[in-house]
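# Chain and residue survey
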Amino acid sequence: DARVTQTPRHKVTEMGQEVTMRCQPILGHNTVFWYRQTMMQGLELLAYFRNRAPLDDSGMPKDRFSAEMPDATLATLKIQPSEPRDSAVYFCASARGIQPQHFGDGTRLSIL
Amino acid sequence: GNSVTQMEGPVTLSEEAFLTINCTYTATGYPSLFWYVQYPGEGLQLLLKATKADDKGSNKGFEATYRKETTSFHLEKGSVQVSDSAVYFCALSMNRDDKIIFGKGTRLHILP
């Protein structure tokens with residue numbers, strides 16, 4: 001089965017450091033989503049792309065977060081500078097059009 | 001706006017018990033409805049879906065029926081197993097819309 005691949009699976013770093021999370025969507029999927037999951041807030045949509053163009057990033061703190069798709073096989077989510085409140089599990093998901101989304105296994109981020 | 005409300009957990013049952021997780025939705029128009037499941041350490045996986053009123057989605061012994069009159073999509077299983085322990089998310093999407101709106105999730109524990 002084709003899968004969404006996220007790297008790294010775990011990241012621990014100190015506050016103020018830059019964090020980059022990567023996602024390889026399923027081949028042929030043209031929409032990519034970034035979510036953040038915490039115990040308090042649940043699953044939050046941060047941003048999403050269609051055909052590599054950003055469509056909605058209203059859920060993302062824009063002063064420190066940025067999301068890009070350099071090509072169709074790679075999506076990145078960056079945090080700079082990172083803060084302890086950014087600690088969460090970050091998920092990438094991809095889909096073909098309006099079909100159900102396929103999720104990666106997430107990046108568990110801890111900011112000390 | 002569109003939203004999904006599902007019962008709070010955790011829900012704890014004994015093996016072979018009957019399961020119901022309630023989900024109701026608010027939407028302008030006619031959404032597609034989904035149940036996703038998240039096993040420990042993994043991303044969300046689509047469990048089942050229904051795209052129009054009175055449709056029944058089913059998979060792995062789980063069922064949910066799209067009830068327009070009560071705006072509900074309750075998840076049921078006749079006999080749960082320990083391996084069903086996970087977090088279950090009810091969700092909706094509007095037709096022609098990429099985005100999915102998720103409920104807050106219901107954690108299910110099955111005791112042997």
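As the structure is a computational prediction, the values presented were derived from the model and not from experiment. (Residues numbered from 1 in each chain as written. Chains lettered and ligands numbered in written order. Predicted model: local features only at pLDDT ≥ 70, side-chain atom pairs only at ≥ 80, totals over all residues. Heavy atoms only, no water.)

Scanning chain B for helices and strands turns up 0 helices and 12 strands. Written out in order from the N terminus, the α and β elements of chain B read β-β-β-β-β-β-β-β-β-β-β-β. At 13 Å, chain B has a C-alpha radius of gyration in line with the 13 Å of a compact globule built from 112 residues. Its C-alpha atoms put chain B at 40 × 30 × 20 Å along the principal axes. (Helix = DSSP H or I, 4+ residues; strand = E, 2+ residues; numbered from the N terminus. Rg over C-alpha atoms; globule rule 2.2 N^0.38 Å.)

Taken as a whole and judged by the stated rule, the model has 10 salt bridges over all chains. Note that B:Lys56 is salt-bridged to B:Glu63, the shortest N-O span being 3.6 Å. The class for B:Lys56 is exposed, based on a relative accessible area of 51%. Connected through salt bridges with shared partners, the residues A:Arg64, A:Glu83, A:Arg85 and A:Asp86 form a single ionic network. (Salt bridge = Lys/Arg side-chain N within 4 Å of Asp/Glu carboxyl O. Buried < 20%, exposed > 50% of the residue type's maximum accessible area, 1.4 Å probe, protein only.)

A word on the environment of A:Ala2. Residue position: A:Ala2 is located in the segment before strand E1 (5–7). Spatially, the C-alpha atoms of A:Ala2 and A:Leu27 are 7.9 Å apart, while their sequence positions differ by 25 residues.

Now for the packing of aromatic side chains. One pass over the full model with this rule turns up 12 aromatic pairs over all chains. Centroid distance A:Phe103 to B:Phe102: 6.0 Å. Interplanar angle 75°. Geometry classified as edge-to-face. Of the two residues, A:Phe103 is situated in strand E10 (residues 102–103) and B:Phe102 in strand E11 (residues 101–102); the pairing between them involves two chains. Judged by relative accessible area, A:Phe103 falls into the buried class, the value being 8%. The exposure class of B:Phe102 is buried, given its relative accessible area of 13%. Three or more aromatic residues link up through ring pairs in this structure, and these residues are A:Phe33, A:Tyr35, A:Tyr48, A:Phe91, A:Phe103, B:Phe34, B:Tyr36, B:Phe89 and B:Phe102. (Phe/Tyr/Trp six-rings, centres within 6.5 Å; stacked < 30°, edge-to-face > 60°.)

For the rest of this paragraph, the subject is the nonpolar core. Within the largest apolar cluster, 27 residues are counted, with the highest numbers of intra-cluster contacts made by B:Trp35, B:Leu47, B:Leu48, B:Phe73, B:Leu75 and B:Tyr88. For this core, the secondary structure elements donating two or more residues are strand E2 (11–14), strand E3 (19–21), strand E4 (23–26), strand E5 (32–38), strand E6 (44–50), strand E8 (62–65), strand E10 (86–93) and strand E12 (106–111) of chain B. Considering every element that reaches this core, the biggest residue donor is E10(B), with 4 residues. Setting aside residues up to four positions removed in sequence, B:Leu47 forms contacts with B:Trp35, B:Tyr36, B:Val37, B:Asn59, B:Lys60, B:Phe62, B:Leu75 and B:Tyr88. Counting residues in hydrophobic clusters, the runner-up holds 22 residues, among them A:Val4, A:Ile26, A:Phe49 and A:Met60. (Core = buried A, V, L, I, M, F, W, Y, C linked by side-chain atoms within 4.5 Å. Contact = heavy atoms within 4.5 Å.)

Coordinates in, geometry out; function isn't part of it.
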